Structures are given as structure tokens and as C-alpha cells.
Amino acid sequence: MYPVWEVPGLTAGGVLALIATFHILPSHLSVSAMWLNLYLESKAYRENRPELLAFVRKYSRMLLIFAYVFGSITGVGIWFSASAAAPRALSGLIHNYVWGWATEWCFFLIEVAGIFTYYYTFDKVDRKTHLRIGWIFALGSWTTMVVIVGILTFMLTPGRWLVTGGFFDGFFNQTYWPQLFLRTTGMFAIAASYAVAVASRSEDERTRADVIRIASLWGLAGLALGTACFFWYRASLPEAARATFDVLLTPGLTRGMWVPIVLMAAYFAFLRLRPLTVGFTPALFAIAVLFVSIFSFERARELIRKPYLMPGFMYSNQIIGGELPAKGVAAETAAMNEKGILRFAPFVPDGLRVVTDANRLEAGRMVALIECSACHTLSPQGLRPLPQRVGSLGFTDADSLAGFIDGLGSYPYMPPFVGTEMEKKALAAYLISIAK
Amino acid sequence: MDTPAMLQLLRDPMGVPFYPAVFQILMVLTFALHLLFVNLSLGTTCLAVIGRLKGGDRWGRLAGGMAQAATASVSGAILLGVAPLLFVQVIYDPFWYASSNLSAGWAIGFIFILMAGYGSLYLARDRKGDAGSVFAGFSFAMFLSAGFIMHVLGFQLVQPEKWLGWYTSHGAASTAGTVLHDFSLPRFLHFVVPAFAVTGVFLMLYSWYFRARSDADAAQLEWAGRLGAKMAFHATTIEAVTGFLWLMVLPRDLSFHSHPLFVLGLILGLGLLGYLYHAQKQAKDHHRFAWPAAAGMLVVILEMAAAREALRVRYLARFGYAISDHRLNLDWGSTALFFGSFVPCLVVLAYILAVAFQSGRVAGLWEAGPRMKAWGKASIALLVAWLVIVAGLGLAITLRNRGL
């Protein structure tokens, strides 16, 4: 319904995916790092080890800069790119969960003030106060995850919300707890991998060995518990989502999830025994390996909701296909089928609102922009390109392809075509014209 | 399709979970605070550039302090920018999404520009001399560019009658998102110039704050206070001029010059200007004027934010759009969640800021007194209590909904 943004070789959704997955690196670090810090800082005070405290300070500096420069800004970037990729879905999310986001923001206030104060008050305030600031940061930061997971999981498994429209019914949906525990346990592996990288540059051998040994143990525990929680998460998915998951999950994504976990487990186990063998570059590489697993999991998780953005309610192309009586919202599809999508949607050039012989291809392209471009590029390069997809189907004439488009809704992961007969034929004609 | 019909169609059908006026108030309040930090970021970064270029002990030390202050200011600006960005999407959803999507490439570019500027600021903080000035200068240029993009998105937002024309090129949809369609120089300057006024007052506060330390350099602080008072006065004078220029280019039919919030803003702004004139005329001890100047500045910024919102309401009323027309689907539970979190979070936030404030004012190690110790423990207890209550609520709802 809003202006479409086409990104050559990608899609607006692809941009969102890139920014969102990058955001995981600093955001999960910000939630997890302080727990390790608190453990090490307490140990440093208890055993009177200033060199260990020096590590804590370095690790905090990395947290401050990486998480609160790149993490904070890419967090905003997710909103901006979601606006560009799926403004109606983001709007729907915000109009239901504005107070959830605002609650998360309250804890974000604590997080940001906390990390600056924590970092700049080493040796400036008494030890107990410093640890208290650390505890406040750790709790506040983890609470942002407690809130965000409710909103994230709602988008994939809205549960009773579809019936009641209630905030908490959607928030505490069937995948809330497993995903909260999955992220909470997994975050320790992330904190550990960063800690190894920072510690690998420490000149003091004893500190390096101690930190890497401890971090490896945290890493192994995080991986083991995270893996268990993944199976809990998978079992909590609704039947239909699990079926979609199994159909769409490519071997590449499966390998992407599991191979890095195995490699990281071996890495941590090895470092537990030989902590001084790792250098800075291999440690950075290990973070990248872990990231591959997270990226693959997030991509796989996204598959679950096809053909919807908000399951049972809004299709991937942001057309509202379901009813939500609790909030007085009706499906749009009937009105669009009757009136025509090109007359219904506001951002359509006036000359394309009615399909004619003269404008058929341009009108068909406009329909494709509105209904297909969220997931498919219209150019031959990029994500799920339509020219190749249509070409591989083997249709050579618009009428046969129009028949195929008619049945799109019967695919479990495709939204149905919406619009008039003329618009369908225009779309088919356009697709045939670009097929490769 | 005419513009009012288009706006009605774009408005989110799910309505809002609480009275729109409450979101409007929160939006204005948080936007004002966001702007305060944006101004501080721009001003402190600019002073870091000037200080590094001028060199010498006095400017060099000031530049270091300003670069450090800028890193915290930018974080504050991002933090406080999230809230109005959220609330604007609640009550002005059609406008925000349409405007940002029309220039989507720039909206995404904003993120990378901001990241580059912020990253460079940390490099500037840790380097002196030419390298420091280059990194700080780069940051300043990036922050100005980011501000300009936001200005354009905000200006496109209030012109829905032009959207379709911008989106359409030669009868086809123009989907590249690479064009910034419209800007208003006076409006942009009205955003940028206060950076120097706010930073001037910040320097006066800086002079006041560090004076209490036993290791303070009184001459340096006196100089910084005087510099701040002069900056604040001159920038506020220029700001008044840009305000009038902006008023002159506004569409006539808005009649904003007669709006009570504009008139009030004018009176308050001139009052602040008079006070700053008086402060900078003093031969010494400018720090004594720091708190009244800061309070006055805050009031003026809050008022200006409210006036800007009033202007936006007038702009959009031309198309029959009113935030009160959003369908109201009251949700008391989530509203209680927010306010029930907001108040304890403010208590915890105040504790953190109190530690930072008090520890920065002593030269050596700062030790918490009994009251601060109790406040710290209470802050942790509040956070744990929040988690226990929400977990209990979550378990109860999960069990109730199981099998339904």
C-alpha cells in the first residue's frame, strides 16, 4: 500500500535481513557480556588480581563501543529497514505492541546510562557500588530481551491473539518461553566467544589462560543448553509452522545451523585444555563461525511464517487476508478482488489504475511490484528472481500462466493472487515478457 | 483518489491501544529531549574539531573533554530518538511510512552515515592534533548529513498532496528511493543553530560542575564558562533570526504567527535571550548563571517542540487528518505494563546518574554513603521484582491459554 522500494540485486526485505542479522552480534553481546564481567570482576576483587580487572575493563570498552555504537544504531536500522520492506506489518506490530516497545525502551535507558557509568567509574567508585552498577546493567539489559522476545515471537506465532486481540495473549504465545531460554542460554556462548578474542590480546599469561578457560566453559554450557532449547522451541511450533519449516528448510540452512555449533563446541573444548594456543585472528574467525549459525537459525525461523507476515492475518505482501473481529478489522481481499488492486492501492500512477491493451505490461509490472516484490526481485539478479522462477515453470503464454497464478494460494508458502481478472492477465503478460 | 481518502486508507486499521493524545504528549516530550542531545552532539563535536585545530593547552584540553562528552551525547540522542520514532508511527503512521519510503535509500543511508560518524568520534576522542581534528570533522559532517536526511523526511511528511507526484515518473512508479524530494533551509537551520546555544549552556554547566573538584584548574573553567555564555547568547540570537525566516516561508493559510504556542515560544525565547545577554556581559563567574540558563533552555526547547507539533497538526488538518480519529481499542493491561515499568525504571536510572554525577565531582575515589547504598540495593530489588511479577503473569497466561 505504501511506495515500494526496489533494491537492485536484493529486495527491501533482503536489506532488512542483513541489518537485522548483523544486529544480533552486538545486541546479544550487550545482553550477555556483563554476566561474565560480574563473575570476573568479583573474582578479581576476591583474589586481589588487578591484571584480571584490567581484562574486565578492556572487555567493557569493547562492549561500550561495539554494542552501543553499532548495536544501538543497527537497532534503529531494523526499524528503518522494516519501514522500507514492510511498513504495514511494522505498523500493525506497533499499533498492537507500542506499550511493549515503550517498556523495552525504559530498560534501554538503564542499559545505556549503566554501561557509560560502569565503564567510566572503574577505580572511581568503591567496589561494591561498581558491582551494583554492573548488576543493574546486567538485569536491565536481560530484561530488554525478556520484552523483545515476546514481540518477536508474536510475529511468528500470535497464538490466542488472533481470537482475542489481547496484548498478553500474543506476547506469552506458545513459543515465548522456549525462545527466551534459547536466546538466554545461547547468549553465553556469544559472550564467551568475544571474551576469548579480547583475552587473546592480553599480555599477562595467567590472565589470558584463566579468562579463556572460564569463557570456554561458559561457551560449552551455552552451546549445550542452547541446543536443548532449540529442540524445545521446535516442538512448541504449531503443526502447520513445523510442516512449512520442514518443507522450506534447505540443506544449506540446516548445515549452516549445525556445523558451526559442532565446530564451536570443539573450539571451546580445545581452549578449555589449551587456553594459550589461540591468537586474536582465529578468535575473530570463531565469532564469524558462530555468527553463521545464528544467521542460519534466524533465516530458518523466518521461513515459518510464510505465506504470512503476521500469521493468519497479513500476507507476505502486506495484504490483510484474515479477520480480526476483536479489533474490528476485516480482510481486504474481497474489496480488492472486486475493485481491483490497482484502484485500491494509493500509490499507483493514474494511467495504470485501469488495465488497457496499451498499458497491459506496465500495469502488470505495477501488480507485480505490489504483490510480489516483497519476496522476489523483478530483475534477473537477486533474491528469488521472478524472471528465472517464471522461466523454470515453462509457460509460454499469458493465459496458461494466469491459470497457474489462480492456484497460487494452494501452495503452503505463497499468498493467493488478489485483484481482478484483467489485473491477473496483465500480471501474467508481464511475467511472460520477463521470463528467462 | 484524493489526499484525504488516501490518508484514511493508509491509516492502520487496528487502531491504537490508548488515547492518542497520550502518545502525542509522550512523543513531544521525548522528541524535545532527543533534540537536546542531538544539539549537544553536534555542538560538542564541532568544538572538538575547533579545539583540535586551534591546538594549545586550553583548547586541547577542551577538545578532549568535548570529544568525550560527544560520545555520550550521541548515545543519548539515539536512545532518546527511539521513543519519538515509536510514537510517531502510532499517531502519524501514514505520513512516516510514506515519507521514509519515498526516500528509502536515504533513510537506510542515514543508519550507515550515523554509524560512520559515531565510530569516527571514538577515534577522534583517542587522538590529538590533526588526526583528531580530521576524525572529529568527519563525524561532524556525518552528523550534519544525518540531520539533513531526517529534516527532509520530516518535511516530506507534511506534504502528502505531493507524494504521488514524487512517486510517479513518466507514468510509472519510481521505486529507487534515491531522491530527497524537498527541503526547507530555514527549517533545517532552526534545527542546527541551537546546537551552539545548547553547547554554550553545557559549557557553563561544565564550568560549574568541575569547580567543586579539589584538582580543578580554575582559570580553565573560568575560560570555558565565558566561552559558553558568549556562544549561548550569539547562537540564540541567530536562532531567533532563523525562526523568523522559517515563519516567513510557511504556507500563508496556516496562519501560524497567530497560534498561541508560537506566541508563547516567542516570548519565552526572547526572555531567554535577555537572560543570556545579561550572563555573557559579566566579567567573570559565568558558572553562576549555568543552572538558570539550563532551566530556561530546557523550557524553551520543550515549548518549541510543542509548537512544532501544533504546526504539524495545522499542516495535516488541511487534509482532514486528526490523530483523534484513530480507532480506540483500549488495552489497559499493556498500558499498565508501560507505566508500571516506567516509574521504577526512572528510580533506577536516577540512581545510576546520581552515582555518575557524585563520583565525577571528587578528585579521588568516591565512596557511597548509607543513603546511596540503600538506593543501589533498592534499584536491584526493583528490577528483580519486575522480573518476578512479569514471569508470574506470563506463567499464569501460558497455563490459561494452554490447549485453548
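**Student:** I keep staring at the overall build of chain A and nothing clicks. Help me out?
**Tutor:** Helix and strand counts for chain A stand at 17 helices and 2 strands. Excluding contacts between residues fewer than 6 apart, the proportion of contacts in chain A whose partners are at least 24 apart in sequence is 73%.

**Student:** Quick question: what am I supposed to make of the overall build of chain B here?
**Tutor:** What chain B contains, in helices and strands, is 14 helices and 2 strands. A globule of 404 residues ought to have a C-alpha radius of gyration of about 22 Å, and chain B, at 24 Å, matches this closely. Dimensions of chain B, computed from the C-alpha atoms along their principal axes, are close to 65 × 60 × 40 Å. For chain B, buried positions account for 46% of its 404 residues. Nonlocal contacts in chain B, meaning residues at least 24 apart in sequence, comprise 84% of its contacts between residues at least 6 apart.

**Student:** Please explain the interface of chain B and chain A as it appears in this structure.
**Tutor:** How large an interface is tends to be reported as the accessible area lost when its parts come together. Counting from both sides, the interface comprises 80 residues of chain B and, opposite them, 76 residues of chain A. Those elements giving two or more residues to the side of chain B that touches chain A turn out to be α1 (3-10), α3 (56-91), α4 (93-102), α5 (104-125), α7 (163-167), β2 (172-173), α13 (332-360) and α14 (370-401) of chain B. If you tally residues by element for the side of chain B that touches chain A, the top one is α13(B), at 15 residues. Grouping the amino acids of the side of chain B that touches chain A by side-chain chemistry returns 54 nonpolar, 21 polar and 5 charged.

**Student:** How do you make sense of the domain arrangement of chain B when you look at a structure like this?
**Tutor:** All names here are of chain B. Domain parsing of chain B yields domain 1 (3-330) and domain 2 (331-404). Here the C-alpha centroids of domain 1 and domain 2 sit 30 Å apart. Facing the 9 residues of domain 1 at the interface are 7 residues of domain 2. Residue composition of the side of domain 1 that touches domain 2, grouped by class: 5 nonpolar, 2 polar and 2 charged.

**Student:** Please clarify how the packing of helix α7 (residues 176-199) of chain A against helix α8 (residues 205-236) of chain A should be interpreted in this entry.
**Tutor:** Between two packed helices, what matters for the description is the angle formed by their axes and the separation of those axes. All names here are of chain A. Remark: α7 packs on α8, axes separated minimally by 7 Å, with the N-to-C direction vectors making an angle of 155°. As judged from the angle between their axes, α7 and α8 are roughly antiparallel. Our pair here, α7 against α8, has a crossing hand that is left-handed. In terms of residue class, the contact of α7 with α8 is built from 22 nonpolar, 9 polar and 1 charged.

**Student:** It is not clear to me how the nonpolar core should be interpreted in this structure. Could you clarify?
**Tutor:** What tends to happen in soluble globular proteins is that the nonpolar side chains get buried as a cluster. In this structure, A:L109, A:A191, A:A195, A:V196, B:L86, B:F110 and B:I352 are the most contacted members of the largest nonpolar core, which totals 276 residues. Aside from chain neighbours lying at most four places away, what touches A:A195 is A:L36, A:Y59, A:V211 and A:A215.

**Student:** Can you help me understand helix α2 (residues 50-85) of chain A in this one?
**Tutor:** What sets the pattern is the α-helix's 3.6 residues per turn: residues three or four places apart point alike. Over its 36 residues, α2(A) runs 49 Å from end to end, which matches the ideal 52 Å to within 8%, given 1.5 Å per residue. Remark: the principal bend of α2(A), roughly 30°, maps to A:A67.

**Student:** Sorry, what's going on with α14(B) here?
**Tutor:** A rise of 1.5 Å per residue sets the reference length of α14(B), with its 32 residues, at 46 Å; its end C-alpha atoms lie 46 Å apart and thus fit the reference within 8%. Where α14(B) is concerned, the buried positions are B:G376, B:S379, B:L383, B:W386, B:V390 and B:I397. Tucked inside the fold, the buried residues of α14(B) contact α4 (127-156) and α6 (167-171) of chain A together with α13 of chain B.

Cut-offs used in this document
Residues numbered from 1 in each chain as written. Chains lettered and ligands numbered in written order. Predicted model: local features only at pLDDT ≥ 70, side-chain atom pairs only at ≥ 80, totals over all residues. Helix = DSSP H or I, 4+ residues; strand = E, 2+ residues; numbered from the N terminus. Contact = placed C-beta atoms within 7 Å. Rg over C-alpha atoms; globule rule 2.2 N^0.38 Å. Buried ≥ 20, exposed ≤ 12 C-beta atoms within 10 Å, placed from the backbone. Nonpolar A, V, L, I, M, F, W, Y, C, P; charged D, E, K, R; others polar. Domains from an automatic or database assignment. Axes fitted to C-alpha atoms, helices over the stretch in contact; angles between N-to-C directions. Parallel < 35°, antiparallel > 145°, perpendicular 65-115°, else oblique. Left-handed = near helix turned anticlockwise from the far one by under 90°. Core = buried A, V, L, I, M, F, W, Y, C linked by C-beta atoms within 7 Å. Expected span 1.5 Å × (residues − 1). Bend = angle between axes of the 7 residues up to and from the residue.

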